[in-house]
Amino acid sequence: SDNPSVDVLIRRLGGPTAVDRALESRGLVGIDITAGEDGLQRFYQELQEEIERFPAAPFPPVTMIRTALPYDPNRATALAAARGLAALAKGTLLGADATARLLAVHEAASTGRARLEAGLAPGWKLAHKTGTGPTIAGVDTGTNDIGILTAPDGGRFAVAVLSAGSTASGVDREARIAAVSR
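Residues numbered from 1 in each chain as written. Predicted model: local features only at pLDDT ≥ 70, side-chain atom pairs only at ≥ 80, totals over all residues. Heavy atoms only, no water.

## Brief notes about the environment of Gly165
Part 1: Mapped onto the elements of the fold, Gly165 is located in the loop between strand E7 (156-163) and helix H7 (170-181).
Part 2: For Gly165, a relative accessible area of 6% translates into the label buried.
Part 3: Here the alpha-carbon distance between Gly165 and Val62, two residues 103 residues apart in the chain, equals 7.5 Å.
Part 4: Aside from chain neighbours lying at most four places away, what touches Gly165 is Arg66, Leu69, Val139 and Asp140. (Helix = DSSP H or I, 4+ residues; strand = E, 2+ residues; numbered from the N terminus. Buried < 20%, exposed > 50% of the residue type's maximum accessible area, 1.4 Å probe, protein only. Contact = heavy atoms within 4.5 Å.)

Structure follows, in structure tokens:
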């Protein structure tokens, strides 16, 4: 996860609108990139400041955060993420070399060992990408893991677990994600 590099790539590809158009042209709907990583961080910073500015607001912070999350400037549905992973695994999203490289990088991921990876039975493999947003006023803004599970017989499954708005501990959130792959 190199957020500044993501922003450089988005700029080189023509900005968030160009990225969205490229995703849509490949049939990937339900993924919206409107602000890049820098914009996403600003969104969360402004949300934190809003909660601090109005400590006696008529709604508790958890309600304010859960209400704001659908307006996250960079978002995807779990179905859209899984469809994108399935297209990647089938080789229809990128060229053969780029697909092989991206899958190899995601197979070597060392993050999120307590998430999808923790639920795998022996012999299964995982190519995945985790994501973790900040916790604001005790509310998680995102604990995610998406990937391609490969069974011992070679069958592959795209899985996307996207969680936000929880007040559970990080350990509990990760255990819930592990339960999906289990």
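## A few points about unusual backbone geometry
Part 1: Even without being glycine, Ala137 reaches a positive phi, approximately 50 degrees.
Part 2: Secondary-structure assignment places Ala137 in the loop between strand E4 (135-136) and strand E5 (139-140).

## Comments concerning the nonpolar core
Part 1: Ranked by size, the top nonpolar core spans 15 residues in total, and within it Ile31 and Ile148 carry the most contacts.
Part 2: Breaking this core down by element, the ones donating at least two residues are helix H2 (16-25), strand E1 (31-33) and helix H5 (78-90).
Part 3: A per-element tally of this core places H5 first, with five residues.
Part 4: Discounting chain neighbours no more than four positions away, the residues touching Ile148 are Leu85, Leu88, Ala89, Leu103, Lys125, Leu126, Ala127, Arg156 and Phe157.
Part 5: The next biggest cluster of nonpolar side chains, apart from the first, holds eleven residues, and it includes Phe43, Leu47, Met64 and Val139. (Core = buried A, V, L, I, M, F, W, Y, C linked by side-chain atoms within 4.5 Å.)

## A few points about the packing of aromatic side chains
The geometry of an aromatic ring pair is captured by the separation of the ring centres together with the interplanar angle, meaning the angle of the planes.
Part 1: One pass over the full model with this rule turns up two aromatic pairs.
Part 2: Ring geometry for Phe43 versus Tyr44: centroids 5.3 Å apart, planes at 65 degrees, classification edge-to-face.
Part 3: The class of Phe43 is buried, set by a relative accessible area of 16%.
Part 4: Between Trp124 and Phe157, the ring centres sit 6.0 Å apart and the planes meet at 35 degrees, which makes this aromatic pair tilted. Here Trp124, found in the loop between helix H6 (96-107) and strand E3 (125-132), pairs with Phe157, found in strand E7; they are 33 residues apart in sequence, far enough to count as distant. (Phe/Tyr/Trp six-rings, centres within 6.5 Å; stacked < 30°, edge-to-face > 60°.)

## Looking at helix H4 (residues 61-68)
Part 1: Residues of H4 that are buried: Met64, Ile65 and Ala68. Seen along its axis, H4 keeps its buried residues to an arc of 95 degrees; they face one direction.
Part 2: Tucked inside the fold, the buried residues of H4 contact helix H3 (36-53), E4 and E5. (Arc of directions from axis to C-beta.)

## Overview of the side chain of Glu37
Part 1: Tracing the chain through its elements places Glu37 in helix H3.
Part 2: No salt bridge is formed by the buried Glu37, whose closest oppositely charged neighbour, Lys129, lies at an N-O distance of 8.1 Å.
Part 3: Aside from chain neighbours lying at most four places away, what touches Glu37 is Asn3, Val6, Asp7 and Asn74. (Lys, Arg positive; Asp, Glu negative; His and termini not counted. Salt bridge = Lys/Arg side-chain N within 4 Å of Asp/Glu carboxyl O.)

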